[in-house]
Amino acid sequence: PEMLAYFWVLLEFKSNILIAGGTASGKTTLLNNIILGIAENYTAKQIRLYLMDYKEGVEFQIFENHPNVEKIFLDNKDLDASVNLLEDFVSTIDKRGEIFRAEGVKDIDTYNELHSIDPLPRIILVIDEVHRLFSGSWQDKDYFNSLLKDVAKRGRSFGVHLILSTQTLEGTDIERDIMEQITLRISFKLSSPT
């Protein structure tokens, strides 16, 4: 309960989140509770969820009827889906940037105060077992890292956020710039100190 309360406080500050933990450590339970909690605390107009399940596609299928879920990806072999979705998020950030410039506002909060009847929703991408996305060639990893970095750095002001979950960071090559943009990091028991 204390951890979930801490999460809700940080969500109000629009953080990106990393949850790490080995098998049976509790990270999936926490992730599921966060997803359930979003439905309890936010309407579908306020937050839209995109769920990517790289854990054999078995965890997120229970959220098919979740009111905030925009799309669920259950094919754990389709590694390109995450790249395509991050490209869409970069495009969303660019489009919202144009809208904000035209409206003379600096961020989604200011925009939504002016447009309370038709606000822009916050978009949250949840990727379970994100380490799987760093398993390709160095070119694939580099491109994925560049997209992830762009969304992590620019997304917050435009209402685009990340919740990443992984069993390990070993061998993922997540860039320091990305980690600096993830202000909430939760670690359960890990199998390796690295």
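Residues numbered from 1 in each chain as written. Predicted model: local features only at pLDDT ≥ 70, side-chain atom pairs only at ≥ 80, totals over all residues. Heavy atoms only, no water.

Draft legend 1. Spatial organisation of the overall build of the chain. In terms of regular secondary structure, the chain is built from 6 helices and 6 strands. Tracing the chain from N to C terminus, the helices and strands come up as α-β-α-β-β-α-α-β-α-β-α-β. The contacts of the chain with a sequence gap of at least 6 include a subset with a gap of at least 24, amounting to 74%. A total of about 10100 Å² of accessible surface is found on the chain, and carbon and sulfur atoms cover 50% of it. (Helix = DSSP H or I, 4+ residues; strand = E, 2+ residues; numbered from the N terminus. Contact = heavy atoms within 4.5 Å. Areas by Shrake-Rupley, 256 points an atom, 1.4 Å probe, with all protein chains shown as cover.)

Draft legend 2. How the structure looks around the packing of aromatic side chains. Under the counting rule described, the total for this entry stands at 4 aromatic pairs. With a centroid separation of 6.2 Å and an interplanar angle of 55°, the aromatic rings of F60 and F63 are classed as tilted. On the basis of relative accessible area, F63 is assigned to the buried category, the value being 3%. (Phe/Tyr/Trp six-rings, centres within 6.5 Å; stacked < 30°, edge-to-face > 60°. Buried < 20%, exposed > 50% of the residue type's maximum accessible area, 1.4 Å probe, protein only.)

Draft legend 3. Fine view of the pairing of strand β5 (residues 160-166). β5 sits mainly inside the fold: 7 of its 7 residues count as buried. Residue alternation in β5 divides its side chains into two sets, V160, L162, L164 and T166 and H161, I163 and S165, and both sets are buried. Where strand β1 (residues 17-20) and β5 come together, 4 bridges link them in parallel fashion. Along β5, the bridge assignment pairs L18 with L164. Relative to β5, strand β4 (residues 122-128) runs parallel, the two sharing 6 bridges. Bridge assignment links I123 to a residue of β5, and that residue is V160. (Pairing = 2+ DSSP bridges.)

Draft legend 4. Up close: the pairing of strand β6 (residues 184-187). Alternating residues of β6 divide into L184 and I186, all buried, and R185 and S187, none buried. With 4 bridges connecting them, β1 and β6 associate as parallel partners. Within the sheet, the bridge partner assigned to A20 lies in β6 and is S187.

Draft legend 5. Just the sheet that holds strand β3 (residues 69-73), in detail. Pairing within the open sheet is parallel, and its 6 strands lie in the order β3-β2-β4-β5-β1-β6. The sheet is open, and its two borders are formed by β3 and β6, each paired with just one other strand. The average undirected angle you get between the axes of adjacent strands in this sheet is 10°. In this sheet, β3 lies alongside strand β2 (residues 47-53) in parallel orientation, the contact comprising 4 bridges. Paired with M52 across the strands is F73, a residue of β3. (Axes fitted to C-alpha atoms, helices over the stretch in contact; angles between N-to-C directions.)

Draft legend 6. Inspection of the nonpolar core at higher detail. Counting 34 residues, the largest nonpolar core has M52, L86, F89, L125, V151, L162 and L164 as the members making the most contacts within it. Mapped onto this core, the elements with two or more residues apiece are β2, α3 (80-103), α4 (108-114), β4, α5 (138-158), β5 and α6 (176-180). Element by element, the count of residues in this core is highest for α3, at 8 residues. The next biggest cluster of nonpolar side chains, apart from the first, holds 20 residues, and it includes I17, L49, L51 and L184. (Core = buried A, V, L, I, M, F, W, Y, C linked by side-chain atoms within 4.5 Å.)

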